[in-house]
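Architecture at a glance
One-letter residues, chain by chain:
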Amino acid sequence: MKRFLVATLVTAISTSLYAADPKPATDTTKQVNQSLLESLPFSDKKDFENAQKGLIAKQDTVTIKNDKGDVVWDLEAYKKYISLDKPAPDSVNPSLWRNAQLNMMNGLFEVTDGIYQVRGYDLSNITFIKGETGWIVFDPLISQETAKAALDFVNEQLGERPVVAVIYSHSHIDHFGGVRGIVNEEDVAAGKVQILAPDHFTEHAVSENVIAGNAMGRRAIYMYGALLPRNEFGGVNGGLGQTTSTGLATLIKPTDTITKTGDERTIDGIKMVFQYTPGTEAPTEMNTWFPDKKALWMAENTTNTMHNILTLRGAQVRDALIWSSFLNETIEKWGDQVEVKFQSHHWPMWGKEDIVNYFKKQRDMYKYTHDQTVRLMNMGYIGSEISEMIAFPESLDKNWSTRGYYGTLRHNSRAVYQRYMGWYNGNPSDLNNLPPADAAKKYVEYMGGEDAVLQKAQSDFDKGEYRWVAEALKQVVFANPDSEKGKALLADTYEQLGYQAESGPWRSEYLQGAFELRNGVPSTGGVVTASPDVIKNMPPTMLFDYLSVRINPEKAAGKTFSINIDFTDLKEKYTLSMENSVLNYTSKVADKADASLTLSKSTLDDIQLGNITLEKAIADGDVKVDGDSQVFQDFVGMLDKFDFWFNIVTP
């Protein structure tokens, strides 16, 4: 799971619009999956050997609960139907099924002398380096509950040792969220525990998905299939791991940062050399070389899948060219020495020759995607055309670690196109085109009406032309969201496309779409985009940016005012000003503001977290308002509240 999103499984779902059980795979889907089964080297079992190598112990049951008794991680839900000796069901792409089987290999593993991993306790792996006196922990998972369970398991098997340092490889939540499950902030403040991260870590860890968090969070329900049952007709595998844990995500600020490649640290007798790789898989990220062990930690810059250049839930487009260049630097720096490479997802690899060959293919996967997209772009093709034309050479296409279990070549090529060219494809017809619902009504009218479209769509569905049927029926549903026949057939279509998908997120997107067409938009559960620790680490300026995007322009029309804010604990003062329906802020305090607020940042945090209302904070004296209090009340009234459960597959 990438960036700051913690999927929370929905526990209550809104009343179904109509009941519908999953449908079996059609003959077309069976043929598509069988064709893939015959075209890829399934006889190659090297990954299975690597995924099981070094196993020390595994727990019979991996079900982790929080203090309230709620299950926050349950590998058992997958064990019921995924096993090494079971072939892929007709409803699951066989390549994705293979990836799921590999990700189910859980337990405590020895990577090399003094380096251990616990796998299968969250979306990501947690790594333990044995120092002279304690553990150095790399990437402590998403939730404090899962991280604690992993540490307890390691101490039980290898002997209890204190955690003396934590390394955050990058700014995505599955690489730092469990930190309070293994250390406490008092020990960090006292210098007993070091926390090391790449430069600008806290800024990115907090800021990612705060501004656009509501929209990204809703779309993450699709990308990670939060509502899907765990079975062969639902959630199978997320590509990077089985799924995401749903415990409490935490954050403790780093005590030290890496600012450049070549920076070295020796902690508890363990020497580490860092490669700083900003702008790759995350805005800030770093790999780690252990020279005494000839071991290379690749963070998430290489995994055993193609990664995303742009995630399906939304984010800033990553730079495939920079990504490939940093991987080339990795090869040049340590390719002649490395004996083992491991990372924050999937399983390790051993042997210099195999590792360097792996790195080259990972590098070339991103470079090829970039270069060939830009080549076709410069020939005049647009993103949708390029995604249909581009194809890997056989050396990359038939290679397991470059298959599209998380990212895909189709949507990554469109991301490269977007990075260079933006949303407009150059055709004037798309410059001022109608929005989806308005366009859909005209499409359906031109196609002879809803009944005619449904009749043709059913015929094409029976022929297995699912991609086109999805396009045609989208128009029916957006033209008439009450069309139960349209929604039912579109759900069936999405379902078959999901069964065929090799990418875990693609499968989730299709099946979640089918779920909501059949059951309606949920009303409870969802995604937590800001935990207490994230709110605590959010600077006032970031909050002001968030308030700015909440301004309703109609309510703010014609209003001009200024508000001074004094944060007593931070010793910082700001002025907010409203003009032209735009909220601006500055640290240059206005001499004559219309209103002034005096409060602590911690009080503001409590208000944001819902621990106290603004009115009560004012009544209790925690917030002091001077000047025209009506100005401040008017300002609060201009702020929109975002509805999380907005429609996606219906207008």
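Right, let's walk through the structure included here. Bear in mind that the values here come from a model prediction, so they are computed numbers and not experimental data. (Residues numbered from 1 in each chain as written. Predicted model: local features only at pLDDT ≥ 70, side-chain atom pairs only at ≥ 80, totals over all residues. Heavy atoms only, no water.)

Thoughts on the overall build of the protein
A count of helices and strands for the protein gives 24 helices and 23 strands. Since a compact globule built from 651 residues should have a radius of gyration of about 26 Å, the 26 Å found for the protein is in line with a globular shape. Overall, the protein is about 75 × 75 × 50 Å in size when its C-alpha atoms are taken along their principal axes. Relative to its full complement of 651 residues, the protein shows a buried share of 55%. Accessible surface, the protein as shown: approximately 27,100 Å² in total, 49% of it carbon and sulfur. (Helix = DSSP H or I, 4+ residues; strand = E, 2+ residues; numbered from the N terminus. Rg over C-alpha atoms; globule rule 2.2 N^0.38 Å. Buried < 20%, exposed > 50% of the residue type's maximum accessible area, 1.4 Å probe, protein only. Areas by Shrake-Rupley, 256 points an atom, 1.4 Å probe, with all protein chains shown as cover.)

Observations regarding the packing of helix H15 (residues 450-462) against helix H16 (residues 466-479)
In the contact formed by H15 and H16, the axes pass within 9 Å of each other and the chain directions differ by 165°. On the basis of the axis angle, H15 is roughly antiparallel to H16. Remark: the crossing between H15 and H16 carries left-handed chirality. Here Glu450, Val453, Leu454, Ala457, Asp460 and Phe461 of H15 come into contact with H16, specifically with Tyr466, Trp468, Val469, Ala472, Leu473 and Val476. (Axes fitted to C-alpha atoms, helices over the stretch in contact; angles between N-to-C directions. Parallel < 35°, antiparallel > 145°, perpendicular 65-115°, else oblique. Left-handed = near helix turned anticlockwise from the far one by under 90°. Contact = heavy atoms within 4.5 Å.)

Some words on the sheet that holds strand S14 (residues 286-290)
Reading across the sheet, the 6 strands line up as S12-S13-S14-S15-S16-S17 and stay open at both edges, with mixed pairing between neighbours. With partners counted over all chains shown, the strands left at the sheet margins are strand S12 (264-267) and strand S17 (349-350), one partner each. Two elements, S14 and strand S15 (residues 295-297), share 3 bridges in a ladder whose sense is antiparallel. When the sheet's bridge partners are listed, Trp289 is paired in S15 with Leu296. Together, strand S13 (270-276), S14 and S15 form the strand contacts of helix H9 (residues 320-334), whose direction differs from that of S13 by roughly 145°. (Pairing = 2+ DSSP bridges.)

Some words on unusual backbone geometry
We note that Asp268 has phi near 55°; this positive angle belongs to a residue other than glycine. Assignment of secondary structure puts Asp268 in the loop between S12 and S13. In this model, Lys571 sits at a positive phi of 60°, which is unusual for a non-glycine residue. You can see Lys571 is positioned in the loop between strand S19 (561-567) and strand S20 (572-579).

Here's the deal with helix H22 (residues 601-609)
For H22, the full list of buried residues reads Lys601, Thr603, Leu604 and Asp605. If you follow the buried residues of H22, they end up packed against helix H19 (532-536), helix H20 (540-549), S19, strand S22 (595-599) and helix H23 (614-619). One or two steps after H22, the chain reaches Gly610, where phi turns positive at roughly 80°.

Details of the pairing of strand S8 (residues 135-138)
Taken residue by residue, a regular strand's side chains alternate between the two faces of the sheet. Every second residue of S8 is oriented toward a common face, with Trp135 and Val137 on one face and Ile136 and Phe138 on the other, all of them buried. The pairing of strand S7 (residues 126-130) with S8 spans 4 bridges and is classified as antiparallel. Its bridge partner lying in S8, Lys130 is registered against Trp135. In textbook terms, the turn of a hairpin is the stretch between consecutive antiparallel strands, and for S7 and S8 this stretch comprises 4 residues. Relative to strand S9 (residues 163-167), S8 runs parallel, the two being bridged by 4 bridges. Residue pairing in the sheet places Phe138 in a bridge with Ile167 of S9. This β-α-β element, S8 to helix H5 (residues 144-158) to S9, shows right-handed connectivity. (Right-handed = clockwise from strand over helix to strand, strands pointing away.)

Concerning a nonpolar patch on the surface
A contiguous nonpolar surface patch, about 240 Å² in accessible area, is contributed by Ile211, Val549 and Phe642. When you line up the elements, Ile211 lands in the loop between helix H7 (201-207) and helix H8 (213-224). Residue class for Ile211 comes out partly exposed when judged on its relative accessible area of 38%. (Patch = residues over 30% accessible without salt bridge, like charges linked within 9 Å, V, L, I, M, F, W, Y side chains within 5 Å. Salt bridge = Lys/Arg side-chain N within 4 Å of Asp/Glu carboxyl O.)

Remarks on the pairing of S7
Most of S7 is tucked away, with 4 of its 5 residues classed as buried. Pairing between strand S6 (residues 115-119) and S7: 4 bridges, direction antiparallel. When the bridges of S7 are listed, Val118 appears paired with Ile126. If you look at the hairpin formed by S6 and S7, you'll find 6 residues sitting between the two strands, and Gly120 has a positive phi there, around 90°.

Thoughts on the sheet that holds S6
Pairing is mixed across the open sheet formed by 8 strands, whose spatial order is S2-S5-S6-S7-S8-S9-S10-S11. The two strands at the open ends of the sheet, each matched to only one other strand, are strand S2 (55-57) and strand S11 (256-258). Direction aside, the axes of adjacent strands within the sheet are offset by 25° on average.

Details of the packing of aromatic side chains
By the definition in use, this model includes 28 aromatic pairs. Ring centres of Trp297 and Phe342 lie 5.4 Å apart, and the angle between their planes is 55°; on these two criteria the pair is classed as tilted. Of this pair, Trp297 sits in strand S15 while Phe342 sits in strand S16 (residues 340-342), and the two are 45 residues apart along the sequence. One exposure class covers both Trp297 and Phe342, and it is buried. An aromatic cluster is built from Phe138, Phe290, Trp297 and Phe342, whose rings are joined through pairwise contacts. In this structure, Lys45 packs its charged tip against the face of Phe48, placed 5.2 Å from the ring centre. (Phe/Tyr/Trp six-rings, centres within 6.5 Å; stacked < 30°, edge-to-face > 60°. Lys NZ or Arg CZ within 6 Å of the ring centre and 35° of its normal.)

Things to note about the environment of Thr302
Within the secondary structure layout, Thr302 lies in the loop between S15 and H9. In sequence terms Thr302 and Ser401 are 99 residues apart; their C-alpha atoms lie 9.1 Å from each other. Beyond its immediate stretch of four places on either side in the chain, Thr302 contacts Leu327, Gln343, Tyr358, Phe359 and Gln362.

Focus: the side chain of Glu502
Its place among the elements puts Glu502 in the loop between helix H17 (484-500) and helix H18 (504-519). Since its relative accessible area comes to 14%, Glu502 is described here as buried. Side-chain polar atoms of Glu502 contact the side chain of Ser95, separated by 2.5 Å. With near-sequence residues (within four places) excluded, Glu502 lies in contact with Leu40, Asn93, Ser95, Leu96, Arg403, Gly404 and Tyr405. (Polar contact = N/O pair within 3.5 Å; in protein donor to acceptor, adjacent residues only side chain to side chain.)

Overview of the nonpolar core
Counting residues in each nonpolar core, the largest one holds 83 residues, and the members touching the most others are Tyr168, Val183 and Phe635. It is H5 that contributes the most residues to this core, 5 residues altogether. Counting 34 residues, the second-largest nonpolar core is a separate cluster that includes Leu310, Leu327, Trp334 and Val374. (Core = buried A, V, L, I, M, F, W, Y, C linked by side-chain atoms within 4.5 Å.)

Describing the environment of Ser91
As for its position among the elements, Ser91 is in the loop between helix H3 (76-79) and helix H4 (94-103). Along the chain, Ser91 and Asn33 lie 58 residues apart, while their C-alpha atoms are 8.7 Å from each other. Residue contacts for Ser91: discarding those within four places in its chain leaves Ala25, Glu232, Phe233, Tyr499 and Arg507. A distance of 2.7 Å separates a polar side-chain atom of Ser91 from the backbone oxygen of Glu232.

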